[in-house]
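Below, each chain spelled out in residue letters.
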Number of protein chains: 2
Amino acid sequence: MKVLVTGGAGFLGQKLANQLLSRGSLKDSDGAEQKIEQLILVDVVKANDFGDSRVKVIAGDIADPKLIQGLITPEIKSIFHLAAIVSGQAEADFDLGMRINLDAARLLLEACRKAGHKPKIIFTSSVAVYGGALPEMVLDTTALNPQSSYGTQKAICELLLNDFTRKGFVDGRVLRLPTISVRPGVANKAASSFASGIIREPLNGQPSICPVSPDLRIWLLSPLYAIESLITGHDLDSSKLGLNKSINLPGVSVSVGEMIEALHKVASEETVSLISIEPDPKVEAIVRSWPASWDASRAQALGLKSDPNFQSIVEAYIEDELKGKS
Amino acid sequence: MKVLVTGGAGFLGQKLANQLLSRGSLKDSDGAEQKIEQLILVDVVKANDFGDSRVKVIAGDIADPKLIQGLITPEIKSIFHLAAIVSGQAEADFDLGMRINLDAARLLLEACRKAGHKPKIIFTSSVAVYGGALPEMVLDTTALNPQSSYGTQKAICELLLNDFTRKGFVDGRVLRLPTISVRPGVANKAASSFASGIIREPLNGQPSICPVSPDLRIWLLSPLYAIESLITGHDLDSSKLGLNKSINLPGVSVSVGEMIEALHKVASEETVSLISIEPDPKVEAIVRSWPASWDASRAQALGLKSDPNFQSIVEAYIEDELKGKS
């Protein structure tokens, strides 16, 4: 089989590609394990090909109809659609967000429909689809009332994917990811960027500004479990998802203050003192509109898992990205 | 002020136009009553202008960017977007449904944003946005899980309108209408067409095939209260709607068997015998995916009203459309 990953040069795209290459196969819609013969990584910049002959790298605009139509052939059996404009940037540049987060996804779905072979397609969605007056516990049956353009675009994609699946055009599923922490690398324009920054920067000896109050609670998942969820979610039998193909993934609910405490347990006072709290109303408004947790029992029954707690997330980051140095 | 009604040649569009002309004014976003100087009715066919000099009729394709961009000038203070492909047709012709029910709405919102004057815009949505595993009582906070392409397209428009409103591009609100019954005229391609047909056709001495079982319950509203709701919904102060501009309108929950009984109370045995029950699985699947009722307390608190019961809906139809003859 051929597998396509959009956003393949991104942080999650690269982690996923690496994991897919090491695993070597995925389940098709009939549940049969199929060898991955080619892994196509498309992104606006050239992705790393890991020196693996199975990888094909394509640089291009994911919202370009010609690119998408050329990519989606009947040999493409599975698509991981990760390409996105992050929350803060989609809020600042409305047109760019609509183009990449909505139009590109629709192009992809339409190209699959045209190809006619009903490929598996995995969309990543987000805590940002929720918002407004949220109940005490967010359930899979809680209304999506996004309070950001990013969340709106993701919610629309969920509806499209569900309808294209119901019509038999694709075999789709949506994984609603918690905020991913700790991301390696540098800060990005996501409103949630701080959720990695306040851990990553101090551990690298750099100062980090936290733009939200310590009492703010967020719903987190480590990169490792995010990738595991993408693959488990891909391999699930669609019929087990019932009439709603969107799944709230398990995660860890933690306050920003508790995140800083967890860092303190593995790092020095000096390291922790590199964090300064400087609330930014714009960032705080977006992040506070997201649920601090949700009921993930449906996902857990489907075999999806999360980190046990935030402490273990910090430890895994130190182990994987800093080679044990903290 | 100038007011635009899309779908202005349709049944609801014409009823609304007539009511707006008779009323003569609408509230602007500041709550001030503004005289309607021009009422533009756009539709794929020429609308009736009621011989009123305030009415301008435009025939054209609502999904044509040039038409929409030309229509939306800063003088247009209010837009009622009623144009739609009905449920059964949107299910049968996926592309047509996407084009009219989704693309045209987005064009309209983008044209408003470009015009920059934040017009009031009223979208009509539907019971069809709900579906899947519904709770005992559907609330304003119940997730939208449409099981038809029509419902999907309407749900997407709700999300778009909410985000365009949040961004300050429009002053929008969505009214989720129950199934409208009794519509005059002839059957259409809506899956719910029978909800008018089983009353209208027998009262006109015509046979009517009911494609669903008598136990099926539906959520209904008369044309009169639908129009009242559109105008009350238009005049509402947006801030009263909070962070979700979509409103579940009040209605009447009734089984198909009870609808036939209600007809029996005002018409002869011979008239009722013109109805034959011949369930059609395709129609029944769509209609059964819709809620049979929902909690309308939020709408009622906002001043929106429904018919007291189905009997009164039948009596109003006989009074208004048959001039009292049954």
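See the structure above.
Residues numbered from 1 in each chain as written. Chains lettered and ligands numbered in written order. Predicted model: local features only at pLDDT ≥ 70, side-chain atom pairs only at ≥ 80, totals over all residues. Heavy atoms only, no water.

1. Here's the deal with the pairing of strand β7 (residues 120-126) of chain B
All names here are of chain B.
So, step 1. Where burial is concerned, most of β7 is hidden: seven out of the seven residues are buried.
So, step 2. Alternating residues of β7 divide into Lys-120, Ile-122, Thr-124 and Ser-126 and Ile-121, Phe-123 and Ser-125, and every residue in both groups is buried.
So, step 3. Two elements, strand β6 (residues 76-81) and β7, share four bridges in a ladder whose sense is parallel. Within β7, the position partnered with His-81 by the bridge is Phe-123.
So, step 4. As judged from the seven bridges shared by β7 and strand β8 (residues 171-177), these two strands associate in the parallel manner. When the sheet's bridge partners are listed, Lys-120 is paired in β8 with Asp-171.
So, step 5. Once you follow β7 into helix α5 (residues 149-166) and on to β8, the crossover reads as right-handed. (Buried < 20%, exposed > 50% of the residue type's maximum accessible area, 1.4 Å probe, protein only. Helix = DSSP H or I, 4+ residues; strand = E, 2+ residues; numbered from the N terminus. Pairing = 2+ DSSP bridges. Right-handed = clockwise from strand over helix to strand, strands pointing away.)

2. Some words on the relation of the copies chain A and chain B
So, step 1. For the match of chain A to chain B, the screw axis carries a shift of 0.0 Å, the RMSD comes to 0.0 Å, and the turn is 180 degrees. The transformation just described matches what one would write down for a two-fold rotation axis. Relative to the rotation axis, the closest C-alpha in chain A is found at Ala-143 of chain A, a distance of 1.8 Å.
So, step 2. A share of 100% of interface residues in chain A that are also interface residues in chain B marks the association as one of identical surfaces. (Least-squares fit on C-alpha atoms with pLDDT ≥ 70 in both. Contact = heavy atoms within 4.5 Å.)

3. Structural notes on the interface of chain A and chain B
So, step 1. Between chain A and chain B, the contact holds 32 residues from the first and 32 residues from the second.
So, step 2. Summed over both partners, the interface of chain A with chain B buries about 2,800 Å², with 53% contributed by carbon and sulfur atoms.
So, step 3. Sorting the residues of chain A by area buried against chain B places Phe-94, Leu-159 and Arg-166 of chain A first, and these three jointly supply 21% of that buried surface.
So, step 4. The tally of links between chain A and chain B comes to eight salt bridges. (Buried area = accessible area lost by both parts, 1.4 Å probe. Salt bridge = Lys/Arg side-chain N within 4 Å of Asp/Glu carboxyl O.)

4. Overview of helix α6 (residues 194-203) of chain A
Residue and element names in this part refer to chain A.
So, step 1. Across the 10 residues of α6, 10 count as buried, placing the element largely inside the fold.
So, step 2. Listed as buried for α6 are Phe-194, Ala-195, Ser-196, Gly-197, Ile-198, Ile-199, Arg-200, Glu-201, Pro-202 and Leu-203.
So, step 3. The first or second residue beyond α6 is Gly-205, which carries a positive phi of 75 degrees.

5. Regarding the pattern of salt bridges
So, step 1. What the rule picks out here adds up to 36 salt bridges over all chains.
So, step 2. Where Asp-103 of chain A meets Arg-106 of chain B, a salt bridge forms, and the shortest distance between an N and an O atom there is 2.7 Å. Taken together, the positions of Asp-103 of chain A in helix α4 (residues 94-115) and Arg-106 of chain B in helix α4 (residues 94-115) put the pair across two chains.
So, step 3. For Asp-103 of chain A, a relative accessible area of 27% puts it in the partly exposed group.
So, step 4. In this structure, a network of salt bridges that share partners links the residues Glu-91 of chain A together with Asp-163, Arg-166 and Lys-167 of chain B.

6. Considering the sheet that holds strand β11 (residues 217-221) of chain B
Residue and element names in this part refer to chain B.
So, step 1. An order of β9-β11-β13 is seen for the three strands of this open sheet, with the pairing classed as mixed. The open sheet has two free edges, formed respectively by β9 (179-180) and β13 (252-255), since each of these has just one partner strand.
So, step 2. Judged from the two bridges that link them, β9 and β11 form a sheet pairing that is parallel. Residue Ile-180 lies in a different strand from β11, and its bridge partner there is Leu-221.
So, step 3. The sheet strands contacting helix α7 (residues 223-235) are β9 and β11, and the helix crosses β11 at an angle near 60 degrees. (Axes fitted to C-alpha atoms, helices over the stretch in contact; angles between N-to-C directions.)

7. Considering the state of the cysteines
Residues and elements named next belong to chain B.
So, step 1. In total, this model carries zero disulfides over all chains according to the counting rule given.
So, step 2. Left without a disulfide partner, Cys-157 is nearest to the cysteine sulfur of Cys-112, which lies 13 Å away.
So, step 3. Judged by its relative accessible area of 4%, Cys-157 is buried. (Disulfide = S-S within 2.5 Å.)

8. Digging into the sheet that holds β7 of chain B
Residue and element names in this part refer to chain B.
So, step 1. Spatial ordering of the open sheet is given by β5-β4-β1-β6-β7-β8-β12, a layout of seven strands whose pairing is parallel. Since the sheet does not close on itself, it has two edges, and those belong to β5 (55-59) and β12 (246-248), each with one partner. When the angles between neighbouring strand axes are averaged without regard to direction, this sheet yields 20 degrees.
So, step 2. Bridging between strand β4 (residues 38-43) and β5 involves five bridges; their strand directions are parallel. Within the sheet, the bridge partner assigned to Ile-40 lies in β5 and is Lys-56.
So, step 3. Set on the sheet, helix α1 (residues 11-23) makes contact with β1 (2-6), β4, β5, β6 and β8; between it and β4 the angle comes to about 175 degrees.
So, step 4. Contacting β1, β6 and β7, α4 crosses the sheet at an angle of about 165 degrees to β7.

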